[in-house]
Amino acid sequence: MNVTLIIAIASLIIFLGFLGDFAFRKLRFPDILVLIFIGYLIVFLFKTDEYKILNEYIPLAATISLIIILFEGGLTLDLSKTREILKDSLLMAIAFYTVSFTLIYTVLYFIGTAPIFSLLYASILSAPSVAIVIPMINRSNVDENRRHKYIMYATLLDLISIVITISIIQFYPITINNFLKVIASLISSIILQIFIGALAGILWTEILKKIGNMDLSYMLTLAYVLAIYVFSDILWSNGMISVITIGLVLANSEKIRNIVGMEVFAIDENLKRFNREVSFFFRTIIFVSIGSMLYIAKINIHIIIILITIISIIYIVQILTVKFVENQKLNRHIHYIMPRGLTQIVLGIFAVSSPYGNIEILYIITFVIIITNIITSLFIYLAKLNSVLRKK
């Protein structure tokens, strides 16, 4: 494709992304599905090099998108509310991940899936995607308490999934002899990343206080967040926990600076607004890219069985987990925490590029992402339609 055509397609994608976002806010129309379909059409109509997209563009775009959206997740969390809902969110996250991971691994192993693939499917797909959950919940009419709880829940699950998956890739095969080493590595990675993120966040509030509302302060903040991610990733092969911790510290800078005895300072609200816009851009691009993967994805009876198994388990376990922790029956808000997305694509790419990788992993992850988003979008749209009809 020539440069002019690429620019034209990029412009069209952004326009459609905006219209999709507008349609979701007004009608709860599934904008994610529209973007995925556009990605498929682009590859189908223009015969682009989909393998180049897979190998060169998606890993970079997905990783940057995930960093920005996790940072946004931290920026949306109120520390006082976070303390109140942390216990329930953590309990729900640990309960869901443990049960889902165990069931997916066990069932897939017994139907003949290789142990390493069973482990990877279980670790990657036992968590929703904050890249979808956070924007979706923030654009919904979910009450404030549940919004914070589900954002914290999805964030914790995403972080658990990232740490567990990377550990499996690094330490497989996990034996009794290196089990304690794996656990120690996980715990130390989490604690040190939180420490680095908190320290970096406090330092940056001081820098922002000194430079004030200087032009390009957001771009400087974004560069700083990316640098901290790189630093953490080099040390622990994962910098996502540091990123969300920085966001949390910046969003609650007044309270945190007061706790550590520093002069009170609150970040400019424009920083949050700019981050939402950058997040929108990358989120739009990545879902179009996911759609492009449909063109090369292959399906057979074995993949269908795996898809049915995984999707059935995550939905059943999610419903039971919410019922157990929140002590209530299925509510319409539960669908906001079902979709898989960016995190799973990033981890799938890591898995495929590992010594144990197989392109089929990415096919299955892509189909799970699409199916869970279709189900979520339909339920949200039907709930909105039902609400409109009741008002009439």
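Every value quoted in this text rests on a predicted model; they were computed, and no experiment measured them. (Residues numbered from 1 in each chain as written. Predicted model: local features only at pLDDT ≥ 70, side-chain atom pairs only at ≥ 80, totals over all residues. Heavy atoms only, no water.)

**With respect to the overall build of the chain**
Right, on to step 1. Helix and strand content of the chain: 15 helices and zero strands.
Right, on to step 2. Residues counted as buried form 53% of the 392 residues belonging to the chain.
Right, on to step 3. Contacts in the chain between residues far apart in sequence, at least 24 positions, make up 81% of those at least 6 positions apart. (Helix = DSSP H or I, 4+ residues; strand = E, 2+ residues; numbered from the N terminus. Buried < 20%, exposed > 50% of the residue type's maximum accessible area, 1.4 Å probe, protein only. Contact = heavy atoms within 4.5 Å.)

**Observations regarding the confidence of the model for the chain**
Right, on to step 1. Summary statistics for the chain give a mean pLDDT of 79 and a share of 87% for residues scoring 70 or more.
Right, on to step 2. Mean pLDDT values for the elements of the chain range from 71 in helix α3 (residues 50-75) up to 91 in helix α5 (residues 115-125). (pLDDT = per-residue confidence, 0-100.)

**Section: the packing of aromatic side chains**
The relation between two aromatic rings is expressed through the spacing of the ring centres and the mutual angle of the planes.
Right, on to step 1. For the coordinates displayed, the defined rule picks out four aromatic pairs.
Right, on to step 2. Taking the centre distance of 5.9 Å and the plane angle of 20° together, the rings of Y105 and Y109 count as stacked. Taken together, the positions of Y105 and Y109, both in helix α4 (residues 79-110) and four residues apart, correspond to about one turn of that helix.
Right, on to step 3. Since its relative accessible area comes to 25%, Y105 is described here as partly exposed.
Right, on to step 4. We classify Y109 as partly exposed; its relative accessible area is 40%.
Right, on to step 5. Of the aromatic side chains, those joined through ring pairs into one cluster are Y105, Y109 and F110. (Phe/Tyr/Trp six-rings, centres within 6.5 Å; stacked < 30°, edge-to-face > 60°.)

**Focus on the environment of S123**
Right, on to step 1. Here S123 lies in helix α5.
Right, on to step 2. You can call S123 buried: its relative accessible area is 0%.
Right, on to step 3. Expressed as a C-alpha distance, the spacing of S123 and I104, which sit 19 residues apart in the sequence, is 8.9 Å.
Right, on to step 4. Once you skip the residues sitting within four places of it in the chain, S123 turns out to touch Y97, F101, S161, I164, T165 and I168.
Right, on to step 5. Among the polar contacts listed, one links the side chain of S123 to the backbone oxygen of L120, at a separation of 3.1 Å. (Polar contact = N/O pair within 3.5 Å; in protein donor to acceptor, adjacent residues only side chain to side chain.)

**Thoughts on the side chain of S129**
Right, on to step 1. Looking at the secondary structure, you find S129 in the loop between α5 and α6 (130-138).
Right, on to step 2. Ignoring sequence-local partners within four residues, the contact set of S129 consists of D158, P339, R340, G341, L342, T343 and Q344.

**Points about α5**
Right, on to step 1. A large share of α5 lies buried, amounting to ten of its eleven residues.
Right, on to step 2. Taken residue by residue, α5 has I116, F117, S118, L119, L120, Y121, A122, S123, I124 and L125 as its buried positions.

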